[in-house]
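# Understanding the architecture of this molecule
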Amino acid sequence: MRQYKTLPDIFGHATLADMFFMPPEIMLKDLPPEQREAFMDVLEHPDFTIHGLKKEDAFTKVAFKHPFEGENEYPLTPEAAEAGVQPLTGVIGYMHSRYHLEDTLYAHTAIVVGQMNEMLYQVCSCGKRGYGEDDVVIPTPYVICAFFHDIGKKWCACTNINREISSYGHAECSAYVANYWLKKVKKLEPEMRQMIVSAIYGHDLIKRWSPDSDYKLRVYQETMGGIAGDEAKKDGEIQFPGFFKGGQNRIIQRYTETLADADLGVSKIMLDSKARESGYILSGEHFSQYSGKAEPKVETVTNDEFTKRIDEGISLVEKVFKDENQH
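Okay, so let's go over this structure. Computed from a predicted structure; not experimentally measured.

### What to know about the overall build of the chain
Each helix and strand in the chain was counted, giving 15 helices and nine strands. Across the 327 residues that make up the chain, the buried fraction comes to 51%. Expressed as a percentage of contacts within the chain between residues at least 6 apart in sequence, the contacts between residues at least 24 apart total 63%. For the chain, the exposed surface amounts to about 16,400 Å²; the carbon and sulfur share of it is 51%.

### Comments concerning the state of the cysteines
Summed over the entire model, instances satisfying the criterion amount to zero disulfides. The thiol sulfur of Cys-173 is not disulfide-bonded, and the nearest other cysteine sulfur, from Cys-156, lies at 4.0 Å.

### What to know about unusual backbone geometry
The backbone phi angle of Asp-103 is positive, close to 75 degrees, even though this residue is not glycine. Among the structural elements, Asp-103 can be located in the loop between β2 (89-91) and α7 (105-127). The residue Ala-275 is not glycine, and still its phi comes out positive at about 65 degrees. Following the sequence through the fold, Ala-275 ends up in the loop between β7 (265-271) and β8 (277-288).

### Focus: the sheet that holds β7
Pairing is antiparallel across the open sheet formed by three strands, whose spatial order is β7-β8-β9. Of all strands in the sheet, those with a lone pairing partner are β7 and β9 (293-302), marking the two edges. The average angle at which neighbouring strand axes cross in this sheet is 25 degrees, direction not considered. Judged from the 10 bridges that link them, β8 and β9 form a sheet pairing that is antiparallel. Looking at β9, one finds that Ile-281 is bridged to Thr-300. Its contacts with the sheet place helix α14 (residues 303-320) against β7, β8 and β9, and it is angled at close to 110 degrees to β9.

### Focus on the nonpolar core
Among the nonpolar cores identified, the biggest contains 70 residues, and Leu-7, Phe-11, Met-19, Phe-39, Phe-148, Trp-155 and Leu-182 are the most heavily contacted of them. Broken down by element, this core gets its largest block of residues, nine residues, from α7. Ignoring any residue separated from it by four or fewer positions in sequence, one finds Phe-11 in contact with Met-27, Leu-28, Phe-39, Gly-169, Glu-172, Cys-173 and Tyr-176. With six residues, the next largest nonpolar core counts Phe-64, Leu-88, Ala-157 and Ile-165 among its residues.

### Here we look at the side chain of Arg-193
Mapped onto the fold, Arg-193 is located in helix α11 (residues 190-202). Despite its burial, Arg-193 pairs with no opposite charge, the nearest such side chain being Glu-189 at 9.2 Å.

### Structural notes on the packing of helix α4 (residues 33-44) against helix α10 (residues 170-182)
The geometry of α4 relative to α10 is characterised by a closest axis approach of 9 Å and an angle of 50 degrees between their N-to-C directions. Taken together, the axes of α4 and α10 lie oblique to each other. Across from Phe-39, Val-42, Leu-43 and Glu-44 in α4, the residues of α10 making contact are Cys-173, Tyr-176, Val-177, Tyr-180 and Trp-181. Along the lines of polarity and charge, the residues of the contact of α4 with α10 split into eight nonpolar, no polar and one charged.

Cut-off values and rules
Residues numbered from 1 in each chain as written. Predicted model: local features only at pLDDT ≥ 70, side-chain atom pairs only at ≥ 80, totals over all residues. Heavy atoms only, no water. Helix = DSSP H or I, 4+ residues; strand = E, 2+ residues; numbered from the N terminus. Buried < 20%, exposed > 50% of the residue type's maximum accessible area, 1.4 Å probe, protein only. Contact = heavy atoms within 4.5 Å. Areas by Shrake-Rupley, 256 points an atom, 1.4 Å probe, with all protein chains shown as cover. Disulfide = S-S within 2.5 Å. Pairing = 2+ DSSP bridges. Axes fitted to C-alpha atoms, helices over the stretch in contact; angles between N-to-C directions. Core = buried A, V, L, I, M, F, W, Y, C linked by side-chain atoms within 4.5 Å. Lys, Arg positive; Asp, Glu negative; His and termini not counted. Salt bridge = Lys/Arg side-chain N within 4 Å of Asp/Glu carboxyl O. Parallel < 35°, antiparallel > 145°, perpendicular 65-115°, else oblique. Nonpolar A, V, L, I, M, F, W, Y, C, P; charged D, E, K, R; others polar.

Following this line, the structure appears as structure tokens:
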């Protein structure tokens, strides 16, 4: 009897080359047939809206059990199954964990997009980088990176041994979907698409929880073609060639590290005297390629600031993909 794989199994071992060159019928060949056809349907029908992150699609229909309408039962990781953990149920795009008390992929993505804009607006508005609308300058490639960075969690989410949601393989899955969907965006040059996909693929390679930071630094550098890009090392050893030249690698580095800085989740909800939500502690990591170190990053925002950032993220995605969403 054939042993099929899960989507996390398939994407958890995927390389950057797979993102660009592996056709879906080969990439997905070890999925159960019904799931394979469903994910092919997802690839063929892009949804460039944040709201799409909480909508049922062909894959969520067949890959998850549905104890209630609009909810998934999230399958167990092998370790959780062995420990007899009960699977979590939640909305589509559920991502509850100690690092993501915002609970939903929808809210998290909006936060990260809004955070990217907060970090970049002054730079972009002064340098006029990005696309403008009514004198508002939008850092378009960064918004696209943020929109796609965790999209794979919609399909890769599982219940782990701590009875939290984990999404092994989500970065690779996100990059694969981004590459496929962004090919349909006519205004996006292939080179820009490839750099964005590389940043999405690499955004989880630079986390502080890496078991070996030196190893992760090397993997990150090699994935992106190395700091020197297509240049040789001083001692004459051949540098990992990568897919890009030095200038492109520097852009990918900037996208990846900015995305890592913006990738914050709610780690604590603050309550007022009447037990109403009054603010949030957002936690993430700051990574420097040159030191190879990632350090904790914490930010406190009020309830109003939090809501504003989510609304801003939704608005930015709508503006960037306006033409695509009208189809």
